[in-house]
Amino acid sequence: IIIKVLRPMIRETLKYDLRLLNTFMRRFYLKLTSKNIDTDSRQALQDFSEATMGETNYRAEAAFGVELYNAYKDSRALYIPETFVELCTDNIIVQEYVGGISVAHLVGLKEQGVDVRTYVKEQIGSNLETQMETLGYELLRGAFDMPHVQGDPHPGNIRLLPNDQVGLIDFGISAR
């Protein structure tokens with residue numbers, strides 16, 4: 001299992017940091033940027049703030065983990081760890097551990113000149129191309145077939161597993 005613990009005072013620290021960022025945006029950034037930019041900076045900051053604070057809602061993260069687990073528990077391609085809701089609290093999430101190879105680790109290996117396709121084949125016997133196709137397909141399919149999708153599928157949250165299976169972890173950000 002893994003136990004994810006919310007650090008004490010993190011919500012208060014985040015709120016303070018987000019207020020500082022908001023002040024900076026109002027005083028400096030918005031005055032310096034061109035009115036021709038096709039981005040609503042205030043809305044972007046609000047969305048960022050909501051997403052950041054949303055990551056501290058461990059009850060919602062656990063519920064989303066259960067939603068994904070139930071949707072994919074019979075999948076041979078995508079693996080979602082089981083969330084043990086009865087052990088979760090406002091500050092703790094308990095889930096099944098997912099091993100395999102982190103895609104973030106692969107990115108680091110690639111930067112060192114390692115042939116990552118061969119590495120994946122040698123380490124877990126999987127085909128990296130098949131796994132990337134699975135990941136892309138499942139993330140896009142989820143946008144149409146699921147009530148929510150994982151909003152943070154960065155390399156650190158993706159695990160490559162044996163039998164060409166792909167695992168997802170960290171369900172703190174979800175999107176409708």
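So, here's what we can say about the structure. (Residues numbered from 1 in each chain as written. Predicted model: local features only at pLDDT ≥ 70, side-chain atom pairs only at ≥ 80, totals over all residues. Heavy atoms only, no water.)

Brief notes about the overall build of the protein
Inference 1: Broken down by element type, the protein carries six helices and eight strands.
Inference 2: Mapped in sequence order, the helices and strands of the protein form the string β-α-α-α-β-β-β-α-α-α-β-β-β-β.
Inference 3: Seen through its C-alpha atoms, the protein measures out along the principal axes to roughly 55 × 45 × 35 Å.
Inference 4: Considering the protein as a whole, with its 176 residues, one finds that 35% of them fall into the buried category.
Inference 5: Intrachain contacts of the protein at a sequence separation of at least 6 include 65% that bridge at least 24 residues.
Inference 6: When the accessible surface of the protein is split by element, carbon and sulfur atoms take 54% of a total near 11,100 Å². (Helix = DSSP H or I, 4+ residues; strand = E, 2+ residues; numbered from the N terminus. Buried < 20%, exposed > 50% of the residue type's maximum accessible area, 1.4 Å probe, protein only. Contact = heavy atoms within 4.5 Å. Areas by Shrake-Rupley, 256 points an atom, 1.4 Å probe, with all protein chains shown as cover.)

Focus: a nonpolar patch on the surface
Inference 1: Residues Leu21, Phe24, Phe28 and Phe48 make up a contiguous nonpolar surface patch of about 380 Å² in total accessible area.
Inference 2: Top contributing element to the nonpolar patch by residue count: helix H1 (residues 10-32), with three residues.
Inference 3: Looking at the secondary structure, you find Leu21 in helix H1. (Patch = residues over 30% accessible without salt bridge, like charges linked within 9 Å, V, L, I, M, F, W, Y side chains within 5 Å. Salt bridge = Lys/Arg side-chain N within 4 Å of Asp/Glu carboxyl O.)

Things to note about the nonpolar core
Inference 1: Ranked by internal contacts, the top residues of the largest apolar core, which has 20 residues, are Leu68, Ile80, Leu106, Val120, Leu160 and Leu168.
Inference 2: Put simply, the parts of the chain that give this core at least two residues each are helix H3 (58-72), helix H4 (103-111), helix H5 (116-124), helix H6 (128-145), strand S6 (158-160) and strand S7 (166-168). (Core = buried A, V, L, I, M, F, W, Y, C linked by side-chain atoms within 4.5 Å.)

Focus on the environment of Leu87
Inference 1: Looking at where Leu87 falls in the secondary structure, it is placed in the loop between strand S2 (78-79) and strand S3 (92-95).
Inference 2: Residues Leu87 and Ile3, 84 residues apart in the sequence, show an inter-C-alpha distance of 9.6 Å.
Inference 3: Excluding its chain neighbours within four sequence positions, the residues that come into contact with Leu87 are Ile92 and Val94.

Remarks on the packing of aromatic side chains
Inference 1: Applying the stated criterion across every chain yields a total of one aromatic pair.
Inference 2: Taking 6.1 Å as the distance between ring centres and 85 degrees as the angle between the ring planes, the aromatic pair formed by Phe64 and Phe171 counts as edge-to-face. Of this pair, Phe64 sits in helix H3 while Phe171 sits in the loop between S7 and strand S8 (174-175); the two residues are 107 residues apart in sequence, bridging distant segments of the chain.
Inference 3: Accessibility expressed as a relative area gives 1% for Phe171, which makes it buried. (Phe/Tyr/Trp six-rings, centres within 6.5 Å; stacked < 30°, edge-to-face > 60°.)

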